[in-house]
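Read off the chains here:
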Amino acid sequence: IEKLIFSGALHREIEDAAAQGGTVLMFKQALKKVARHLTSMEEVLRLADTLVLVDAGRLAAIGPVEEVLSSPVHAGLTGHGEAGAVIAATLVGEEARFGISHLAFPGGLLKVAHLDFPLGTRVRVRIHSQDVAIALSPPVGLSIRNLVPAVVRTVTPFDTFQTDVMLECGGCPL
């Protein structure tokens with residue numbers, strides 16, 4: 001299957017080879033579960049390590065989930081409305097009385113809704129671009145839960161009204 005993928009085989013050829021080998025296509029099962037509201041993108045992110053994007057039957061991208069979903073190059077396939085980043089983090093603490101968990105990642109600390117996992121658990125966090133605010137100085141008087149320093153790496157016009165801004169936060173794309 002790997003040879004077929006890297007040789008540029010059509011999606012159908014790869015699927016057929018997998019089925020002949022007895023492989024159950026997790027992607028198809030996951031999509032069915034999502035459509036029936038039995039799972040979520042968060043669950044898929046939690047379970048998958050590698051993401052394969054197929055465009056018109058051809059392999060468009062393959063790589064770690066964090067890299068593929070964080071790249072604006074693939075926004076046309078993942079949905080520009082889904083633009084954002086996926087960050088690997090570790091559960092390091094919680095504020096039980098407020099229902100908040102603390103996640104450490106190379107760029108700092110994130111506060112998220114309570115996660116029912118033991119401390120030390122590795123998780124992935126999906127940060128949608130629409131949930132990110134960029135400021136030149138620390139914001140005052142706003143209800144922003146997470147403040148992390150970042151560096152602007154690229155600014156690319158998307159269309160007449162939108163621009164993709166790639167940030168780097170502790171070596172992580174954001």
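Residues numbered from 1 in each chain as written. Predicted model: local features only at pLDDT ≥ 70, side-chain atom pairs only at ≥ 80, totals over all residues. Heavy atoms only, no water.

1. With respect to the confidence of the model for the protein
Reasoning step 1: Overall, the prediction assigns the protein a mean pLDDT of 80, with 80% of residues at 70 or greater.
Reasoning step 2: Looking over the protein, one finds the lowest element-wise mean pLDDT in helix H3 (residues 26-35), namely 61, and the highest in strand E4 (residues 100-105), namely 95. (pLDDT = per-residue confidence, 0-100. Helix = DSSP H or I, 4+ residues; strand = E, 2+ residues; numbered from the N terminus.)

2. Brief notes about the pairing of strand E5 (residues 108-113)
Reasoning step 1: Relative to E5, E4 runs antiparallel, the two sharing six bridges. Residue pairing in the sheet places phenylalanine 105 in a bridge with glycine 108 of E5.
Reasoning step 2: Hairpin connection, E4 to E5: the antiparallel pair is bridged by two residues. (Pairing = 2+ DSSP bridges.)

3. Some remarks on the sheet that holds E5
Reasoning step 1: Taken in spatial order, the four strands of this open sheet run E5-E4-E3-E6, and their pairing is antiparallel. Of all strands in the sheet, those bounded by a partner on one side alone are E5 and strand E6 (122-128). Looking at each pair of strands side by side, their axes are set apart by 45° on average, direction ignored.
Reasoning step 2: Of the strand pairs in this sheet, strand E3 (residues 84-95) and E6 are connected by seven bridges, and their pairing is antiparallel. If you follow isoleucine 87 over to E6, its bridge partner there is valine 125. (Axes fitted to C-alpha atoms, helices over the stretch in contact; angles between N-to-C directions.)

4. Quick look at helix H2 (residues 11-20)
Think of an α-helix as turning once every 3.6 residues; residues three or four places apart then point the same way.
Reasoning step 1: For H2, every residue scored as buried is listed here: Ile14, Glu15 and Ala18. Projected onto a plane normal to the axis of H2, the buried residues spread over an arc of 100° and lie on a single side. (Buried < 20%, exposed > 50% of the residue type's maximum accessible area, 1.4 Å probe, protein only. Arc of directions from axis to C-beta.)

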